[in-house]
Amino acid sequence: MSTTLPRPTKLDPLDMLDLDADFTSDERLIRDTVRDFTRRRILPNIADWFERGVFPKELALELGELGLLGMHLDGYGCAGTSGTAYGIACRELEAADSGLRSFVSVQGSLAMFPIHAYGSEEQKREWLPRMARGEAIGCFGLTEYDHGSDPSGMRTVARRDGGDYVLDGSKAWITNGGVADVAVVWARTNPDDGPKSGAVRGFVVPAGTKGFSTKNIERKISLRASVTSELLFENCRVPASAILPGVASMRGPLSCLSEARYGILWGALGAARACYEAALEYAKTRVQFDKPIASFQLTQQKLVDMMLELQKGQLLATAIGRLKDAGTIAPQHVSMGKLNNVREALAICREARTILGASGITLEYPVIRHMNNLESVLTYEGTSEVHTLILGQALTGIGAFS
Amino acid sequence: MKILVTVKLVPDTTAEKRIDPSTKRLVRTGVETVLNPFDEYAIEAALQLKEKAGGDTTVTIVTLAPESGKEIVRKALAMGADDALMISDPAAEGSDVWGTAYALAQAIKKNGFDLVIAGTQSTDSTTGELPGALAEYLGVPGVTYVRKLDLDGTALKAERETDTGYAKVSTDLPALVSVTKSINEPRYPSLKGIMGAKKKTIAVQTLADAGVDKPIGSDAARTEVTNLETPPARGKGQIFEAADAVAGATKIVEFLRERKLV
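For clarity, every value in this text was computed on a predicted model and none was experimentally measured. (Residues numbered from 1 in each chain as written. Chains lettered and ligands numbered in written order. Predicted model: local features only at pLDDT ≥ 70, side-chain atom pairs only at ≥ 80, totals over all residues. Heavy atoms only, no water.)

Moving on, we get to the overall build of chain A. Within chain A, the secondary structure is distributed over 11 helices and 9 strands. Residues counted as buried form 54% of the 402 residues belonging to chain A. In chain A, 75% of the contacts between residues at least 6 apart in sequence involve partners at least 24 apart. Accessible surface for chain A amounts to roughly 17,300 Å². Of this, 54% is attributable to carbon and sulfur atoms. The centroid of the 44 positive side-chain charges in chain A is displaced by 1 Å from the centroid of its 47 negative side-chain charges. (Helix = DSSP H or I, 4+ residues; strand = E, 2+ residues; numbered from the N terminus. Buried < 20%, exposed > 50% of the residue type's maximum accessible area, 1.4 Å probe, protein only. Contact = heavy atoms within 4.5 Å. Areas by Shrake-Rupley, 256 points an atom, 1.4 Å probe, with all protein chains shown as cover. Lys, Arg positive; Asp, Glu negative; His and termini not counted. Charge placed at Lys NZ, Arg CZ, Asp CG, Glu CD.)

Spelled out as structure tokens, the structure:
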């Protein structure tokens, strides 16, 4: 048998350290599957969807067929992958568009996850398989116009009336709201309604329930291929069986957000990679002063800094993914990832824009689209400021808010 | 109905290929191993036949490869094949087309089959000889370079690509077909398929287990690589200058017409 000496790994500008080699073979297969899907189905159309401001609803069925919806949940028609695989899928989806990754995050982590974790057996059977197939779209109603970073101050109430609950109030900035078949809505129960009253409870409210309506938020300049809506509840009566029995505190919605933020810390890397890749290609072919702009030291420095931050962000994501799969993850770990990776991703996109010059502001290239999308990603699911303060509290033991 | 698909594990097709001068064999270490891309069309063809036939039709993957390639074989299972048979034996190392065809034929005969589907060629050695040799050792009709395949009970109808067009061929099962890239668009495994593949069986057999009764490794090879040369670098292409697209297209068409290419 011949022996071959180890040789340095081939340097791939998109993954210099070959960090993807740390994934298991099925995780890599999932990566390739999602990447191919976006190449075939999303990338040729996304600029158009973004420009027109539409989310193509039929995509839900295709994402369902692929198994991406609720992919890291077990049973009820879900694929049951590792948390790392879920992160990889988010990364690849967001390399196409943050809006489409948002759809998948909301469906899997914010709508299916609470039903899976806190729902009754009937609720799970009724909703999860259809949601996994993409036949039923879900949304998550927590944020209100006046209660964003401080959701526990919510004004939406659920009043007990005989065997039913009556919901009143409104939710805002709800991804998928206007296209949803079912909403998981969080409301404060009346303090005098008996056991566990006064607590924040989750309700599974199907679209079409009397007293429940939605209104889309128009004229967005970010996440345009994603539907953002208000949910309005006016004397909306639901049976007691609509309540999520498994949780009766803010821990419920916060645990969902931790799931979704986990996907975001991977997703942001995808958006950043797409911009870096576009900038690298552009720099090598765009000629000024008779040579490619990649020849200039300033451009090289920009590209190198982008690459370094991408690789560091990936190391962070992979480490947090392994903590998630080991079951030892803390919400603070997710804050570390979300804070760093979204912040750096946005910086990478902006830097990429400078390399592309004027071309960088058109939809011919993905850069301005990703950049505008990431402006939302920076503040949704916990602003950078709140994540910073969560970590500040973890370090000092002193809470700067609440 | 039993459909068997032969696959080969090859070095990543996008990676730089290197030959070990002492063995005159392709260096397979340090390069990612993948499923031979041509074989994905064979798997897809088998899965489509299975979906159409329904009932108790099964698709089994067969390969002669080191056991370390198990995870690669799993991709075929993730696409939807039911199970796999790996013949893994250090004694098979260095087998040539003859040895590989003979071993696969013995294993396939022992397993039982109605239809064997193969890719036309592998991306590493690219001989394209295996399907023909395999049909011969199986003693069944071999329909190669198939671009369209239909099965009605045991009646097989196929369109074979030829240099000038295509030929319609029909035969009865059992048979072997090799399929070209124009037959279908291989599916990507779904996430459920990928997760489900972990529970599917990959049976690993030695040459003896598989019923291979002759030595097939490098010592038994009937072919020998005597010399290797790097192909000459491709010459510079001809560039046509033209004022506009129409003028450019006209020049190119003229060029092709002169050479009777269009």
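On to a negative patch on the surface, then. Together, Asp12(A), Asp18(A), Asp22(A) and Glu32(B) make up a region of like negative charge exposed at the surface. Its location among the elements puts Asp18(A) in the segment before helix H1 (25-42). (Patch = residues over 30% accessible without salt bridge, like charges linked within 9 Å, V, L, I, M, F, W, Y side chains within 5 Å. Salt bridge = Lys/Arg side-chain N within 4 Å of Asp/Glu carboxyl O.)

The subject of this paragraph is the nonpolar core. Trp186(A), Ile61(B) and Ile117(B) are the most contacted members of the largest nonpolar core, which totals 141 residues. Looking at this core element by element, the count peaks at 18 residues for helix H7 (residues 251-285) of chain A. With 26 residues, the next largest nonpolar core counts Leu4(B), Trp98(B), Ala103(B) and Leu104(B) among its residues. (Core = buried A, V, L, I, M, F, W, Y, C linked by side-chain atoms within 4.5 Å.)

Mapped onto the secondary structure, Ala92(B) falls in the loop between strand E7 (83-87) and helix H3 (97-111). When sequence neighbours within four positions are dropped, the list of residues in contact with Ala92(B) reads Leu64(B), Leu207(B), Ile216(B) and Gly217(B).

As a further point, take the packing of aromatic side chains. All names here are of chain A. Tallying each qualifying case throughout the model produces 13 aromatic pairs over all chains. With a centroid separation of 6.4 Å and 85° between ring planes, the pair formed by Phe-113 and Tyr-118 is classed as edge-to-face. Assessed through its relative accessible area of 8%, Tyr-118 is described here as buried. Where Tyr-165 meets Phe-203, the ring centres are 5.2 Å apart and the plane angle is 65°; that geometry is what we call edge-to-face. Pair noted here: Tyr-165 is in strand E3 (residues 164-175) and Phe-203 is in strand E5 (residues 200-206), with a separation of 38 residues, a long-range link. We classify Tyr-165 as buried; its relative accessible area is 9%. (Phe/Tyr/Trp six-rings, centres within 6.5 Å; stacked < 30°, edge-to-face > 60°.)

What follows covers the interface of chain B and chain A. Each partner contributes residues to the interface: chain B has 20 residues there, and chain A has 21 residues. Roughly 1,700 Å² of surface becomes buried between chain B and chain A when both sides are summed, with 62% attributable to carbon and sulfur atoms. Here chain B and chain A share 1 salt bridge between them. Among the salt bridges present, the one from Asp26(A) reaches Lys198(B), with a minimum N-O distance of 3.4 Å. (Buried area = accessible area lost by both parts, 1.4 Å probe.)

With that settled, consider empty space enclosed by the protein. Residues and elements named next belong to chain B. One pass over the structure, following the stated rule, counts 1 cavity of 30 Å³ or more. Each pocket or cavity is described by its volume, and for the largest cavity that value is around 40 Å³. Taken together, Pro-11, Asp-12, Ala-15, Glu-16, Lys-17, Arg-18, Leu-26, Val-27 and Val-31 make up the full set of residues lining the largest cavity. Considered class by class, the residues forming the lining of the largest cavity number 5 nonpolar, no polar and 4 charged. (1 Å grid on protein atoms, 1.4 Å probe; cavity = no way out; pocket = protein on both sides within 12 Å on 5 of 7 lines; lining within 4 Å. Points joined across faces, edges and corners; volume = space filled by probe spheres on them. Nonpolar A, V, L, I, M, F, W, Y, C, P; charged D, E, K, R; others polar.)

This part is about the confidence of the model for chain B. Across chain B, the average pLDDT comes to 90, with 100% of residues at or above 70. Interface confidence for the predicted complex, given as ipTM, is 0.81, next to a pTM of 0.87. (pLDDT = per-residue confidence, 0-100.)

Residue and element names in this part refer to chain A. You can see Gly-202 is positioned in strand E5. Residue classification places Gly-202 among the buried residues on the basis of a relative accessible area of 0%. The spacing of Gly-202 and Leu-29 is 173 residues in sequence and 36 Å in space, taken between C-alpha atoms. Setting aside residues no more than four positions away along its own chain, Gly-202 makes contact with Val-185, Trp-186, Ala-242, Ile-243 and Leu-244.

Next up on the list: the domain arrangement of chain A. Residue and element names in this part refer to chain A. For chain A, the assigned domains are domain 1 (19-137), domain 2 (139-242) and domain 3 (251-396). Just the C-alpha atoms count here: the centres of domain 2 and domain 3 sit 31 Å apart. In this assembly, 8 residues from domain 2 lie in contact with 10 residues from domain 3. Interface of domain 2 and domain 3: buried area, both sides summed, is about 760 Å²; carbon and sulfur atoms make up 71% of it. Here domain 2 is connected to domain 3 by 0 salt bridges. Across the domain 2-domain 3 interface, the total number found is 5 residue pairs in polar contact (both at pLDDT 80 or more). Its residues assigned to classes, the side of domain 2 that touches domain 3 comprises 5 nonpolar, 2 polar and 1 charged. (Domains from an automatic or database assignment. Polar contact = N/O pair within 3.5 Å; in protein donor to acceptor, adjacent residues only side chain to side chain.)

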